Every structure is written in structure tokens, then in C-alpha cells.
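Letter by letter, the chains look like this.
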Amino acid sequence: MNKKLKIGLIAAGIAVIAAGIIGGGIMFANDNTEPIDMGGKKVLVAYYSYSGNTKAVAEKIQKFTGGDIFEIKPAKAYPANYNDVVNLAQTEKSQDAKPELMDNGNTEGYEIIFLGTPVWWYTMASPVRTFLSVNKFDGKTILPFCTHGGGGESSTYTDMQKLAPGAKFTAGYTSYERSAKDADIKKWINESIK
Ligand SMILES: Cc1cc2nc3c(=O)[nH]c(=O)nc-3n(C[C@H](O)[C@H](O)[C@H](O)COP(=O)(O)O)c2cc1C
């Protein structure tokens, strides 16, 4: 066999093995994004996120459930400076503030609502307080989730329940910053909709 042909065959062999590894990886990844059967119910994934952590979880939930996604946005953006937003959020919490939203969203027609928030001062972020106050939740199932910076969910879920007393709340899914795992999110959803 001439040298060029030999090198060619070795290269082709490596390409086949590489394709197998990459292909296997993709199949594995696909396995994680396989849709969950939501029993034909209409699903909404509503979330607020200041720095992207909660958004990342919301987007995974949307992918797994095939639901509609709605980003809760305050009409007036929070300051970019971290200390400023921490201070403002503390004031808002003390006043039980419900800041105006860019768009209130609409929960009508949805039976299952995932509701996500970062933990702000041991509870939900203020825009989520507004979202709960301006929308209808009676008879709906709310699957709450949050991300936090080390303190856990604190009063987040119990405070949400007070603002939507007519809704059925499942156990929440709590994760530290970006640590949420696909398998854990899916397990939580599957157990919550049983
Ligand atoms: C205003 C403010 C208040 C916070 N308060 C808490 C808190 O009480 N407990 C906690 O564990 N983390 C707290 N954090 C950290 C966030 O909950 C955490 O970084 C979260 O993952 C951010 O989510 P996001 O990227 O979706 O905004 C706070 C962060 C901010 C900006």
C-alpha cells in the first residue's frame, strides 16, 4: 500500500470514530431534551431574571414541556450596578412594592404555570409580586422555581402562595445560581404533574 493511501485510510478511520463519538454525544444530549408529556394541558413558563440564572432554568423547562414562555420585565429596568439593585430591592421588599411591568402577560387559558424568580432578600423579586397580583390563578396549578445565591428559597414559595390563594402550588424547584441539572428539572416536573 502506498504511503498516501495508508495515511488516507487512517484519516478516514479517525473521522469515522470521531463521528461516532460526536453522534453519540448528540444522541445523549437529545435524550435530555425529550419532551415531557404534559397530558395535553396548556403550559406557560413565566419568569423574571435579573442576571440570567433563572432565565436559564426557565428556558430548559420550556424545552422540556413545549409550553409558551413569558419573560416578566419591569417597565423601569433595575440599575445595572449590583449594589444599587440590592439596595433598591431591599426598599421594595420593605414596602411590599409591585412595580409596573412592561407587559402584564396573560394567564388565561393556561392550566399549568411554571413561575420562576431569583431570590431577592429571602423572597421573590418584586416584578414577580406584580405578575401574581395582576393575573388570574384560581384553579390553576403553579409549579414555582427559583435560583439563589446560597441562602436557598427562604420564604419565596410561601410568599407566592399568599398572592395566589386560589391556585394549587406544587413543591418548588430550587437551585443555586447556574447549578440546575436537566435530569433534576425533569424529575421535579414529572413528580409535580403526577
Ligand atoms: C437584589 C438581590 C437580592 C438577593 N437576595 C438573595 C437572598 O436573599 N438569598 C440568596 O440566596 N441570594 C440572593 N441573591 C442572589 C440571587 O438570588 C442569585 O444570584 C440568583 O441566582 C440570581 O438570579 P437571576 O440571574 O435570574 O437574576 C440576591 C441577588 C440580588 C440581585
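In short, a report on the structure.

Rules behind the numbers
- Residues numbered from 1 in each chain as written.
- Predicted model: local features only at pLDDT ≥ 70, side-chain atom pairs only at ≥ 80, totals over all residues.
- Near = placed C-beta within 6 Å.
- Helix = DSSP H or I, 4+ residues; strand = E, 2+ residues; numbered from the N terminus.
- Nonpolar A, V, L, I, M, F, W, Y, C, P; charged D, E, K, R; others polar.
- Axes fitted to C-alpha atoms, helices over the stretch in contact; angles between N-to-C directions.
- Parallel < 35°, antiparallel > 145°, perpendicular 65-115°, else oblique.
- Left-handed = near helix turned anticlockwise from the far one by under 90°.
- Contact = placed C-beta atoms within 7 Å.
- Expected span 1.5 Å × (residues − 1).
- Buried ≥ 20, exposed ≤ 12 C-beta atoms within 10 Å, placed from the backbone.

1. A look at the site of the ligand
Right, so step 1: The ligand sits among 21 residues. The nearest are Asn53, Thr54, Pro118, Gly149 and Gly151.
Right, so step 2: Looking at the shell around the ligand, the elements that each hand over two or more residues are helix H2 (53-65), helix H3 (82-94), strand S3 (112-120) and strand S5 (141-148).
Right, so step 3: When the residues that make up the shell around the ligand are grouped by side-chain class, the tally is 9 nonpolar, 10 polar and 2 charged.

2. Observations regarding the packing of H2 against helix H6 (residues 182-192)
Right, so step 1: Contact geometry for H2 and H6: axes closest at 11 Å, N-to-C directions at 60°. Classified by the angle their axes make, H2 and H6 are oblique. In this structure, the crossing between H2 and H6 has a hand that is right-handed. On H6, the residues that touch Val57, Lys60, Ile61, Phe64 and Thr65 of H2 are Asp182, Ile185, Lys186 and Ile189.

3. Things to note about H3
Right, so step 1: With 13 residues, H3 ought to run about 18 Å at 1.5 Å a step, and its terminal C-alpha atoms sit 19 Å apart, in line with that.
Right, so step 2: Of all the 13 residues making up H3, 0 are buried; the element is thus mostly uncovered.
Right, so step 3: At the C-terminal side of H3, aspartate 96 shows a positive phi close to 55°.

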